[in-house]
Amino acid sequence: MSVRRFLSALSWTTVVVVCVILTARTIARAGAASRDPMASACDPIATSTCARRPIDLVICLDTSGSMEALIDSARARLWDIVTSLSSARPIPELRVGLLTYGSPSRSTPSHGWIVRQTDLSSDLDSVYAKMMSFSTDGGDEFVGWVLHDALIQMNWSRDPRALKLVFVAGNESADQAKDVFDFRREAALARQKGIIVNAIYAGNRDAGVQERWAEVASCGGGNYTAIDMQCGTVQIETPQDKILIELNLKLNATYVPYGAEGHVGASRQAEQDVVARSAGPASAASRVAAKGTALYQNTGWDLVDAVERGEKKLEEMKESELPPPMRGMPAPQRAQYLAQKRTERAAIQKQIAEVGSERERILKDARAKASGGKIALDDAMVGAIREQAKQQGFKFE
């Protein structure tokens, strides 16, 4: 054996040994809170002056035939996850990407039955729309392969301050197709790139350990959690739901569509409001609560967000880019019009935050009773994200 081949084999053996050792530690510490090592320099009150920090979140969902409840849970709780992150300081610059695996009707064997549904994007309405279009069918679930695609197909942030996370969820052996892409190697590569891999097993915790899901997390430096898929699908209505839905109508009136994407973006926002309402008042209210946070932003089509975030300068825009109400206005009046919309939005978002807090207090107790101690998808994700964010210097109010 040549020296080069010997060293390569030795290096790979070392990775495997380390993964095995860390698996036991991951199982023991799953769900434990981490010490917050440092305070943010960002003022948690004066949010407009806070420097944002990127959080890139890639969700890999098994869409094989047995996972309908998992998909429903992801749909129902996406906005709750967004809202839970809104209390982080510095304020996150959240981008979400979606990969699905295990459905032969939407991919091919050469692609491992994997589909990149969305690249990492801050357009949460587009992510939600894509998630609502998912369906399930039978197939093979290749965890190592989907991790590989998550590493190479996503436009990960190059900001050295970015928190970069992968959540892979499924319920079959993680060792399938390991001769093509072994999850141990892919998770180790993720760690080298500063990406944390978390594993969520839909089923019994011990069964997930036997199927190597705890090892996926240990090799990726993340958390292993076993969840009850049905917990995340429970719709709990509150008195605040109706108030939030009414506030949403006022909030939407503060958006100022501009440019070629203006009409498309505003239409998509309205469409996803309808989709959320069709899932029930609780889902609609969860979406409104998330829309009331700083993490929901639409710089690509809303002029208020674009100007506030510095992506557009009002004085440099062509009249044809402006929405009809602003065309023909003198420059001072345009600035005043936009400032008024911004002020109105801030006031409505404050109301949403207050009502949302009341709603969350009710939901916390109701969900605890309904779950019977079982863990839902959003509980697993929020717990892991908060723990790992704190380890990298985020604070939570």
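Basis of the calculations
Residues numbered from 1 in each chain as written. Predicted model: local features only at pLDDT ≥ 70, side-chain atom pairs only at ≥ 80, totals over all residues. Heavy atoms only, no water. Helix = DSSP H or I, 4+ residues; strand = E, 2+ residues; numbered from the N terminus. Contact = heavy atoms within 4.5 Å. Areas by Shrake-Rupley, 256 points an atom, 1.4 Å probe, with all protein chains shown as cover. Phe/Tyr/Trp six-rings, centres within 6.5 Å; stacked < 30°, edge-to-face > 60°. Buried < 20%, exposed > 50% of the residue type's maximum accessible area, 1.4 Å probe, protein only. Lys NZ or Arg CZ within 6 Å of the ring centre and 35° of its normal. Pairing = 2+ DSSP bridges. Right-handed = clockwise from strand over helix to strand, strands pointing away. Core = buried A, V, L, I, M, F, W, Y, C linked by side-chain atoms within 4.5 Å. Axes fitted to C-alpha atoms, helices over the stretch in contact; angles between N-to-C directions. Polar contact = N/O pair within 3.5 Å; in protein donor to acceptor, adjacent residues only side chain to side chain. Salt bridge = Lys/Arg side-chain N within 4 Å of Asp/Glu carboxyl O.

Another point: the overall build of the protein. When helices and strands are counted, the protein shows 13 helices and eight strands. For the protein, the share of sequence-separated contacts (at least 6 apart) that also reach a separation of at least 24 residues comes to 81%. Element-wise, carbon and sulfur atoms account for 54% of the exposed surface of the protein, whose accessible area totals about 17900 Å².

A separate point is the packing of aromatic side chains. In this description, an aromatic ring pair is defined by two values, namely the gap between the centres and the angle between the planes. On inspection of all chains with the given rule, the structure shows six aromatic pairs. Measuring from centroid to centroid gives 5.8 Å for Phe142 and Trp145, while their planes differ by 15 degrees, and the two rings are stacked. Phe142 sits in the buried class, given a relative accessible area of 12%. Among the aromatic residues, ring-to-ring pairing joins Trp79, Tyr128 and Tyr296 into one connected group. Positioned above the aromatic ring of Tyr255 is the side chain of Arg345, whose terminal nitrogen or guanidinium carbon lies 3.9 Å from the ring centre.

The next thing to look at is the pairing of strand β5 (residues 163-170). With eight of eight residues buried, β5 is to be regarded as a mostly interior element. Residues of β5 alternate between two faces, with Leu163, Leu165, Phe167 and Ala169 on one and Lys164, Val166, Val168 and Gly170 on the opposite face, all of them buried. Pairing geometry for β5 and strand β6 (residues 195-202), over seven bridges, is parallel. For Leu165, the partnering residue across the bridge sits in β6 and is Ile196. Taken together, β5, helix α5 (residues 183-192) and β6 constitute a β-α-β crossover, and its handedness is right-handed.

Moving on to the nonpolar core. Core analysis: the largest hydrophobic core is formed by 56 residues, its most contacted members being Leu57, Leu61, Leu70, Leu94, Phe167, Ile200 and Met381. Top element by residues in this core is helix α2 (residues 68-85). It accounts for nine residues. Setting aside anything within four residues of it in sequence, one finds Leu94 in contact with Ile55, Leu57, Val82, Leu85, Ser121, Ser122 and Leu295. Residues Cys60, Ala150, Tyr201 and Ala217 belong to the second largest nonpolar core, which totals 33 residues.

Glancing now at the sheet that holds β5. Spatially, β4-β3-β1-β5-β6-β7 is the arrangement adopted by the six strands of the open sheet, whose pairing is mixed. This sheet does not close on itself; its edge strands, each paired only once, are β4 (114-121) and β7 (221-227). Direction aside, the axes of adjacent strands within the sheet are offset by 15 degrees on average. For strand β1 (residues 53-62) and β5, the ladder comprises seven bridges, and the chain directions are parallel. Counted as the bridge partner of Asp56 is Lys164 from β5.

Turning our eyes to something else, we now look at the pairing of β7. Buried residues dominate β7, accounting for six of its seven residues. Sheet analysis places β6 next to β7, joined by five bridges and oriented parallel. Bridge assignment links Ala199 to a residue of β7, and that residue is Tyr224.

Restricting attention to buried positions, one finds in α5 the residues Phe183, Arg184, Glu186, Ala187, Ala188 and Ala190. Where α5 starts, the residue carrying a side-chain oxygen 2.9 Å from the main-chain nitrogen of Arg184 turns out to be Asp182. One or two steps after α5, the chain reaches Gly194, where phi turns positive at roughly 80 degrees.

With respect to the element layout, Gly65 can be found in the loop between β1 and α2. Considering only alpha carbons, one finds Gly65 and Gly102, 37 residues apart in sequence, at a separation of 8.5 Å. Those residues within four positions of Gly65 in sequence are excluded, and the remaining contacts are Thr136, Asp137 and Gly138.

Tallied over the full model, the rule gives 24 salt bridges. The salt bridge involving Lys312 is made with Glu321; its shortest N-O contact spans 3.4 Å. Classification of Glu321 by relative accessible area gives partly exposed; the value is 22%. Ionic pairing is found between Glu319 and Arg334, a salt bridge with its closest N-O pair at 3.2 Å. With Glu319 in the loop between α11 (303-308) and α12 (331-371) and Arg334 in helix α12, the pair connects residues that are 15 residues apart, well separated along the chain. On the basis of relative accessible area, Glu319 is assigned to the partly exposed category, the value being 42%.

Looking at where Lys164 falls in the secondary structure, it is placed in strand β5. A polar contact is formed between the side chain of Lys164 and the backbone oxygen of Lys193, at a distance of 3.2 Å. If we ignore the near neighbours within four places in the chain, the residues touching Lys164 are Asp56, Trp156, Ser157, Lys193, Gly194, Ile195 and Ile196.

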